[in-house]
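Report on the structure
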Amino acid sequence: MWENIKDFASTFFVTGDPLIYGADVSIGLTSIAILFVLTYFKKWKWLWREWITTVDHKKIGIMYLIASLLMLFRGGVDALLMRTQLALPNMKFLQADHYNAVFTTHGTIMILFMAMPLMFALFNLVVPLQLGARDVAFPFLNSMSFWLFLMGAMLFNLSFVIGGSPDAGWLSYPPLSELAYSPGVGENFYIWGIQISGIGSLATGINFLVTILKMRAPGMKMMKMPLFSWSVLSSSVMIIFAFPILTVTLALLFLDRFVGAHFFTMDLGGNPMMYVNLIWMWGHPEVYIVVIPAFGIFSEVVSTFSKKSIFGYKSMVFSMMLISVVSFFTWAHHFFTMGSSANVNVFFAISTMVIGIPTGVKIFNWLFTMFRGRITIKQPMLWTLGFIPCFVVGGATGVMLAVAPADYQYHNSYFLIAHFHQVLIGGVVFGYFAGMYYWWPKVFGFKLDEKLGKWSFWLWNIGFYVCFMPQYALGFMGMTRRLYTYGSDTGWDLGWAPLNMISTVGAFVMGLAFIVQVWQISYSIRKGERDLTGDPWNGRTLEWSIPSPAPFYNFAVVPEVEGTDAWWKTKEDLKNGIKPAPVKLEPIHMPKNSAIPFIMSVCWFIAGFGFVFGWMWMAIPGLVGVAISLLARSFTYDTDYYVQVDEIERTEAALRGRTV
Amino acid sequence: MKNKLSGWKLLMLIVVGYALIIGVSVYLGWDKFIVLDAKGPVAEVQQKLIMLTGMICMAVVIPVIGLLVFIVWRYRDTPNNKAPYQPHWDDSKLLETIWWGIPIVIIIILGVVTARDTYKLAKPPVSDSTPITIQVTSLDWKWLFQYPDQKIATVNYVQIPAGVPVRFQLTSDAPMNSFWIPQLGGQEYSMPGMAMQLWLQADKPGTYYGSGANFSGRDFAKMNFVVESKPQADFNTWVKEVKSSSPKLTNEGYTELAKPSTMKQQFYSDYPATLYTDIVNKNGGIYMKHGSESMSSGSYNGSTKP
Amino acid sequence: MAHAATTHSHSHEAHESHESLKVLGFWIFIITDILIFGTLFACYAVLHTHTNNGPGAKELFEMKGVIIETFILLTSSFTSGLAMLAMHKKNVKQLIAWLIVTALLGAAFIGMEVTEFVKMVNEGHTIASNAFLSSFFTLVGTHGLHVSIGLVWMIALMIQVSRRGVTEVTTRKLTNLGLYWHFLDVIWIFVFTVVYLMGVM
């Protein structure tokens, strides 16, 4: 009996590596600490009522933000582990299997559990406020999206201590990810972690598309909409078209592994290349899904901090929509070297380069927004200015990669690694940071400290260039990705060591930058400049017209809009002595909190965990729980309520220090 | 205010960054950049293309960054800045036409050179000599090379005659990999059930680095191989040597070879005649179209004639 | 935003527009579902010849049963349409009656499909036999799963309608269900054509 338990435990828990034991202990201690703090301060009820069951888009956004920063930490630690292993040739810091798991989880976490939720955080925190709406179209669904994401992310991260991490690369190409070559449960964690959070992402795409199409303030025509909202629309449309493909692809991979189907296996007629096509049909749009909202953020920030309306609004909208369409026709550039015919390669090479056209146009439009403006360099603008050169270089190397015959030499090399980190860090991360610093006072009511912010910005930037510029060179030296070791151990010394060392130093500088950011946040919570006006940056769009943080119903009175930059215009009118018309408060229709999204997501987690280990006694009750949750929702009719006028008056008076 | 210097700091950063790389590169020696040190016609075409497209991209990147620095400096928000301020100037047909036009022209140029070289490299290198064929199989974690015309086989070592076009046929009997000899030309995937084709040629005798470029599991990092290019006469001698002094690769021997392991170089004087086609067909080759060989579906027949 | 919105008089209007939002959202959900089926069809198209020298579509499919299934499902789509008509007439009894007929037809369809699958599996043709059968069972099975979920949903709505009658909310729910049911019918027509008809031809 005891032997059986010991046997089970040694396969169930990941063992054998001091790093993992260390992580086990710290995870355990942190969990105990959190439970203790919640109990000691009697915060359980508060947590349940204010956060877990909330359907308020602002709170959901904050939860997304916290989760994504935690995931940035986890993915960042993965990155530093990798860079440490590669700092010197023949390094013995990580074993091959461990290294392979680390680069797999690094990629998966950074794209799916860091970039996506950080993006959804900004969607949630900003879009309804920018549109003059009281919430998203489907608040209940929104809460469900968040909890599905979180449960998926938890399930994925659990693989670190239970069962073993996936180690077949962030896109899990078969046949390597098939049972024959990855017999452990790691790939199952990968599939179910992404699958569960993917349902949430799909729902968010639908939710924000409907919100933007139908919930805009009266008078806000599509072509009067702030550009960030446009970028969210573009991104949502791409989510709707791309994520179903991912769902199917992972489901088929799971069928291969679980019931022995033969979609992507080597034997009995399976076709691994089909997986590669399918995963990139999702994967390529996916990178535009995360980068387009960053473009939207830059448009808002550049305009605000240049005190000038955005240059070429129509071009900006058109170019975003063009990118979102063309991004569905470029997927094969990820495998020019997979034996496609010359015609196919030429088609995908040119379609990829075509994306460079609207992207280039956007850069010029940002530059000319600043031209003849008045530029103040606060943190959001600083990140934007850091973004432009970084993204221009990253974009240029992207165009170089699109040149199919040359790609035969870049493919799978560190040149490629440097390129996509440059567009993903320089574009997406810098963009979301710009957005985070920009909207932080709106969300929390205080600014993040400027001085610490500048430190972190420069450390991030210097670290970035020191880390990734050498990697372009390493690509030209023939270094391929995903090598856990190099140098004499492998039989060749090709002189990769010095540049790898420099790159590692750069990575640690970025790690330091992140620590400064964490310090900045904790410092600013205590001492940050409070935002009493609701409009700390002299903003242009509707979110700045209400107090910070916004009341739970957002707008006491739904604003009526006449043009772009609605709030800017109102302020100009006020300066010119035009008084706003008197308003009349009316009861506000609001959705009620619900525990169902949380419970249902927990049931998904249970089902997912059961499927990972092939425990049907666990998976089936989990799925039944999901079904019951959905039915319970269907039978709930008491889903909303009205906020009465006197409560609105009291809230507004408290927030603004005066009546509306 | 020190803010006004931000643009300059940014430029400095980039300049310092590139100076660092160039400095280190010079220190390391240019010949370490094997991708740019072409030793054969295929790699040469690609190297020229890399240089050309790199230059074109630089020609765009540098002015844009310069423009950014200029604008940020010129229109900074300081009390006595005399530069014009036009908060409502946000539209210009002329300017927009220019910057839709510039990228379009650049993409047309790049598109043309891309198409030109893609079609060029789909064909074998032009040469007076008769091409030879080498059948390559990626295994966990080693490379098997079969010479169908010479009837010898090697592991993790491939010798080719200098100045002769080599037609590599690539497949895999393990998770897919990618076959890459940077100095001779770009890589191509080796896929189970497929017989891919990659033309390469070494102009002069020499030793080159070959590697598996696509992650294939635990000991992927050790999946590199030696490529030696020798004059035709030396190559012929080497073949004879292998023929006379090495063991045969049997079917059982192959099964053993295919098991996951790392391995030093091996040489075989013979191998089962249908080994390569069997590998391709058992992994799904019967369903595949075999590229330029024939567009008809059906069993892979292992033809070695282009 | 100089003056407040006057159009947003509260209550009824806002509520009604919210129900229409949900119908729009459901349409978009159906688009995503179309993409799911589209991907499965694409896989079937790639793999349908990959039988590993086992029996193919011609040998395995029995058209008689499939044609009956098709008629049953098409009829259920028609009866669900009749249920919608009854709903618009606010005739609860008729509505529920037609929903019951629709559900019974749907259940019959599922029953026949399950029988067909069980028979194939008993003859040794399973999802694990070869790539063709993997893609066949997955595509047709996904459709069957959708129909089964639709049945549970339909029963839930019957209970709700019998309790609450035809209100704005139940109307919206039934509208979505109707959309879903017709959508599954359309998908089935593609399954019937691409998998069965083209398979045996």
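Residues numbered from 1 in each chain as written. Chains lettered and ligands numbered in written order. Predicted model: local features only at pLDDT ≥ 70, side-chain atom pairs only at ≥ 80, totals over all residues. Heavy atoms only, no water.

An unreviewed UniProt entry lists chain B under the name Quinol oxidase subunit 2, with Paenibacillus shirakamiensis given as the organism. Per UniProt, the comment on chain B under Sequence similarities (unreviewed entry) is "Belongs to the cytochrome c oxidase subunit 2 family." Per UniProt, the comment on chain B under Subcellular location (unreviewed entry) is "Cell membrane". (UniProt positions renumbered as here; feature names shortened; annotations may be inferred.)

You'll find chain A entered in an unreviewed UniProt entry as Cytochrome aa3-600 menaquinol oxidase subunit 1, with Paenibacillus shirakamiensis given as the organism.

On to the overall build of chain A. Helix and strand counts for chain A come out as 20 helices and two strands. In terms of overall dimensions, chain A is globule-like: its C-alpha atoms have a radius of gyration of 25 Å, near the 26 Å expected for 660 residues. Residue burial in chain A is summarised as follows: out of 660 residues, 68% are buried. Expressed as a percentage of contacts within chain A between residues at least 6 apart in sequence, the contacts between residues at least 24 apart total 83%. Accessible surface, chain A as shown: approximately 21,600 Å² in total, 71% of it carbon and sulfur. Put simply, chain A has 43 plus and 37 minus side-chain charges, and the middle of one group is 11 Å from the middle of the other. (Helix = DSSP H or I, 4+ residues; strand = E, 2+ residues; numbered from the N terminus. Rg over C-alpha atoms; globule rule 2.2 N^0.38 Å. Buried < 20%, exposed > 50% of the residue type's maximum accessible area, 1.4 Å probe, protein only. Contact = heavy atoms within 4.5 Å. Areas by Shrake-Rupley, 256 points an atom, 1.4 Å probe, with all protein chains shown as cover. Lys, Arg positive; Asp, Glu negative; His and termini not counted. Charge placed at Lys NZ, Arg CZ, Asp CG, Glu CD.)

Within this numbering scheme, the UniProt entry marks residues 129-241 of chain B as carrying the feature "domain: Cytochrome oxidase subunit II copper A binding" (unreviewed entry). End C-alpha to end C-alpha, residues 129-241 of chain B measures 23 Å, and it is 9% helix and 53% strand.

We now examine the nonpolar core. Counting 370 residues, the largest nonpolar core has W282(A), M370(A), I134(B), F168(B), F179(B), F136(C) and Y196(C) as the members making the most contacts within it. Domain assignment of the residues forming this core places at least three in each of domain 1 (7-75 + 94-121) and domain 2 (132-291) of chain B. The next biggest cluster of nonpolar side chains, apart from the first, holds eleven residues, and it includes L139(B), L249(B), Y268(B) and I279(B). (Core = buried A, V, L, I, M, F, W, Y, C linked by side-chain atoms within 4.5 Å. Domains from an automatic or database assignment.)

To continue, consider the environment of V443(A). All names here are of chain A. When you line up the elements, V443 lands in helix 14 (residues 414-444). C-alpha of V443 to C-alpha of G28: the two residues are 415 residues apart in sequence and 31 Å apart in space. Ignoring sequence-local partners within four residues, the contact set of V443 consists of I62, L125 and P549.

Moving on to the packing of aromatic side chains. Overall, the coordinates contain 114 aromatic pairs over all chains when judged by the stated rule. Considering the side-chain rings of F113(A) and F149(A), the 6.4 Å spacing of their centres and the 35 degrees angle between planes classify their relative orientation as tilted. A residue pair is termed long-range when its members are at least 10 positions apart, and F113(A) in helix 5 (residues 96-131) and F149(A) in helix 6 (residues 139-158) qualify at 36 residues. An identical accessibility class is assigned to F113(A) and F149(A); each is buried. Ring geometry for F61(C) and F132(C): centres 6.3 Å apart, planes at 50 degrees, overall tilted. Here F61(C) is found in the loop between helix 2 (57-60) and helix 3 (63-88), whereas its partner F132(C) is found in helix 5 (residues 131-164), with 71 residues between them in sequence. (Phe/Tyr/Trp six-rings, centres within 6.5 Å; stacked < 30°, edge-to-face > 60°.)

With that out of the way, let us pick up the packing of helix 5 of chain C against helix 6 (residues 168-200) of chain C. Residues and elements named next belong to chain C. The contact between helix 5 and helix 6 brings their axes to 10 Å, and the two run at 160 degrees. Of the possible angle classes, the one that applies to helix 5 and helix 6 is roughly antiparallel. Here helix 5 runs over helix 6; the crossing is left-handed. Here the residues of the contact of helix 5 with helix 6 sort into 20 nonpolar, six polar and one charged. (Axes fitted to C-alpha atoms, helices over the stretch in contact; angles between N-to-C directions. Parallel < 35°, antiparallel > 145°, perpendicular 65-115°, else oblique. Left-handed = near helix turned anticlockwise from the far one by under 90°. Nonpolar A, V, L, I, M, F, W, Y, C, P; charged D, E, K, R; others polar.)

A word on the UniProt feature "domain: Cytochrome oxidase subunit II transmembrane region profile" (unreviewed entry) in chain B. With numbering matched to this structure, UniProt assigns "domain: Cytochrome oxidase subunit II transmembrane region profile" (unreviewed entry) to residues 27-125 of chain B. Between the end C-alpha atoms of residues 27-125 of chain B the distance is 35 Å, and the span holds 67% helix and 0% strand.

Let us now look at the interface of chain B and chain A. With 99 residues of chain B at the interface, the matching set in chain A holds 107 residues. The largest per-residue losses of area from chain B upon contact with chain A belong to W99(B), W100(B) and F215(B), which jointly make up 8% of the total buried on that side. If you look at where chain B meets chain A, you find one salt bridge. A salt bridge links D77(B) to K307(A), with the shortest nitrogen-to-oxygen separation between them at 3.0 Å. Remark: the boundary between chain B and chain A carries 28 residue pairs in polar contact (both at pLDDT 80 or more). When residues of the side of chain B that touches chain A are assigned to their parent elements, the largest contribution, 16 residues, is made by helix 3 (residues 93-122) of chain B. Considered class by class, the residues forming the side of chain B that touches chain A number 60 nonpolar, 24 polar and 15 charged. (Buried area = accessible area lost by both parts, 1.4 Å probe. Salt bridge = Lys/Arg side-chain N within 4 Å of Asp/Glu carboxyl O. Polar contact = N/O pair within 3.5 Å; in protein donor to acceptor, adjacent residues only side chain to side chain.)

Mapped onto this numbering, the UniProt entry annotates "domain: Cytochrome oxidase subunit I profile" (unreviewed entry) at residues 42-562 of chain A. Summarising residues 42-562 of chain A: 68% helix, 0% strand, and an end-to-end C-alpha distance of 48 Å.

Before going further, it helps to examine the confidence of the model for chain B. Averaged over every residue, the pLDDT of chain B is 88; residues scoring 70 or more account for 90%. The ipTM for the predicted assembly is 0.93, set against a pTM of 0.94. (pLDDT = per-residue confidence, 0-100.)

Looking now at the sheet that holds strand 10 (residues 224-230) of chain B. Residue and element names in this part refer to chain B. Spatially, the five strands line up as an open sheet ordered 4-10-9-6-7, and their pairing is mixed. Looking at strand neighbours, the two that pair on one side only are strand 4 (157-161) and strand 7 (185-190), the edges of this open sheet. Here the average twist between neighbouring strands, direction ignored, is 20 degrees. Bridging between strand 9 (residues 206-212) and strand 10 involves six bridges; their strand directions are antiparallel. Looking at strand 10, one finds that T207 is bridged to E228. (Pairing = 2+ DSSP bridges.)

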